[in-house]
Amino acid sequence: MALPGGIRGSLAVIVATWEEFLAGRTASGPSLRERRSYLTIGAFDGLHLGHRRLIAAVTGTRGPEDGKRLAVVVTFRRPPGHVFGRPEVPGLILSLPQKLRRLAALGVGAVVLIDFSREISTLPGRDFIGLLRGRLTIEKIVVGPNFRFGMNRDADVHDLAAMLAASPTTVQAIEPVRLGGETVSSSRIRRAVREGGLAEAAAMLAAPHEIDLAGVTAAREGPAILRLSRAEVPQVLPAAGSYVVTGRSPEGDVTGTLEAAENSVVVRLARD
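Residues numbered from 1 in each chain as written. Predicted model: local features only at pLDDT ≥ 70, side-chain atom pairs only at ≥ 80, totals over all residues. Heavy atoms only, no water.

Participant: Explain the packing of aromatic side chains to me, and be specific about the residues and the numbers.
Facilitator: Overall, the coordinates contain 3 aromatic pairs when judged by the stated rule. Between Trp18 and Phe21 the ring centres are 5.6 Å apart and the planes differ by 25 degrees, which places this aromatic pair in the stacked class. On the criterion of helical spacing, the pair formed by Trp18 and Phe21 is a turn pair, its members being 3 residues apart in helix H1 (residues 18-22). Each residue in the set Trp18, Phe21 and Phe128 is aromatic and connected to the rest through ring pairs, giving one cluster. (Phe/Tyr/Trp six-rings, centres within 6.5 Å; stacked < 30°, edge-to-face > 60°. Helix = DSSP H or I, 4+ residues; strand = E, 2+ residues; numbered from the N terminus.)

Participant: Just give me the short version of the sheet that holds strand S3 (residues 36-41), but keep the residues and values in it.
Facilitator: On the basis of which strands lie adjacent, the open sheet formed by 6 strands has the order S2-S5-S4-S3-S6-S9 and parallel pairing. Because the sheet does not close on itself, it has two edges, and the strands there are strand S2 (14-17) and strand S9 (170-173). On average, each strand axis in the sheet is tilted by 25 degrees relative to the strand beside it, whichever way the strands run. Here 4 bridges tie S2 to strand S5 (residues 110-114), and the two strands are oriented parallel to one another. When the sheet's bridge partners are listed, Val15 is paired in S5 with Val111. Sitting on the sheet, helix H2 (residues 49-59) touches S3, strand S4 (70-76), strand S6 (137-143) and S9, and the angle it makes with S3 is about 170 degrees. (Pairing = 2+ DSSP bridges. Axes fitted to C-alpha atoms, helices over the stretch in contact; angles between N-to-C directions. Contact = heavy atoms within 4.5 Å.)

Participant: Now, about helix H6 (residues 125-135): what can you tell me, with residues and values included?
Facilitator: When H6 is considered as a whole, its buried residues turn out to be Gly125, Phe128, Ile129 and Leu132. The buried residues of H6 occupy one face: seen down the axis, they fall within an arc of 95 degrees. (Buried < 20%, exposed > 50% of the residue type's maximum accessible area, 1.4 Å probe, protein only. Arc of directions from axis to C-beta.)

Participant: Tell me what's going on with the environment of Ala23, and back it up with residues and numbers.
Facilitator: Topologically, Ala23 is positioned in the loop between H1 and S3. In this structure the C-alpha to C-alpha distance between Ala23 and Arg135, which are 112 residues apart in sequence, comes to 8.8 Å.

Participant: Account for the side chain of Lys140, with residues named and values stated.
Facilitator: Topologically, Lys140 is positioned in strand S6. Within the structure, Lys140 has its side chain in polar contact with the side chain of Gln172 (distance 3.0 Å). (Polar contact = N/O pair within 3.5 Å; in protein donor to acceptor, adjacent residues only side chain to side chain.)

Participant: Go over the pairing of S4, please, and point to the residues and values.
Facilitator: Counted residue by residue, S4 has 7 buried out of 7 residues, so it is predominantly covered. Neither face of S4 is open: one carries Leu70, Val72, Val74 and Phe76, the other Ala71, Val73 and Thr75, and all of them are buried. As paired elements, S3 and S4 share 5 bridges and run parallel to each other. Following the sheet pairing, Tyr38 is matched in S4 by Ala71. Here 5 bridges tie S4 to S5, and the two strands are oriented parallel to one another. When the bridges of S5 are listed, Val74 appears paired with Val112.

Participant: A description of the packing of helix H8 (residues 186-194) against helix H9 (residues 198-205) should follow, citing residues and the corresponding values.
Facilitator: Running from N to C, H8 and H9 cross one another at 155 degrees; their axes reach a closest spacing of 7 Å. Between H8 and H9, the angle is such that the two are roughly antiparallel. Crossing handedness for the pair H8 and H9: left-handed. Seen from H8, the contacting residues are Arg188, Ile189, Ala192 and Val193; seen from H9, they are Leu198, Glu200, Ala201, Met204 and Leu205. For the contact of H8 with H9, the class distribution of residues is 7 nonpolar, no polar and 2 charged. (Parallel < 35°, antiparallel > 145°, perpendicular 65-115°, else oblique. Left-handed = near helix turned anticlockwise from the far one by under 90°. Nonpolar A, V, L, I, M, F, W, Y, C, P; charged D, E, K, R; others polar.)

Participant: Please set out the pattern of salt bridges residue by residue, giving values where relevant.
Facilitator: Enumeration according to the criterion identifies 12 salt bridges in this entry. We note a salt bridge from Arg36 to Glu139, for which the minimum N-O separation is 3.0 Å. Separated by 103 residues along the polypeptide, Arg36 in strand S3 and Glu139 in strand S6 bring together distant segments of the chain. Through salt bridges that share partners, Arg101, Arg102, Glu210, Arg248 and Asp253 make up one connected network. (Salt bridge = Lys/Arg side-chain N within 4 Å of Asp/Glu carboxyl O.)

Structure follows, in structure tokens:
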């Protein structure tokens, strides 16, 4: 497990809020419509092996034209289940800065961030796709076989293909990744973390589970000891126990332990 304190360096990815996207602009100014794009849509909480397979299908190098296309991810600032406080989503896997940094590292060129709201939840699927097509030049949309979207999640990948049948946009459904006989999923990763199965979670994430402490209130109990309330940490935390961690900051990495209790977590880092 790693405990990064923030983002190192700048993000090599264009970011647009949903409002900016609808207005035809991005945080850095230019419209995304000027380049042809490959697009994938999803919550992408964790960016696990299954997510990476989807993203590889929009960023992959299969010919000289790929460099002219923009790999776009449409995702949520926070997964809907976390917004609603559903018990099956007890915490985030990635903070937003972690998510954007990893998307950039995977070769994604632009990210559209949706704040889940009543307006979004009641938007019919056909209208949602129409908004995307009106602001992007989409050559291909890549989703998983169980992808659902629109009001009450009543549209699926077959409906998506039917919506786009008369357009130049193709739809590609990517099969999920299985590991240890089970499908890799965000819910499985959360369960593994909560049960202390950090090695299993890391295998599914292709990276250690990281807790982003930037902006998290912590009581300092010594030069290298932090006490955190579980309630203050938006990300999923492991079960009670002691775990080896690596603390990461711009000053460098340092090893230590995380001692998890029912309501609190104490991080002890080894300092020279």
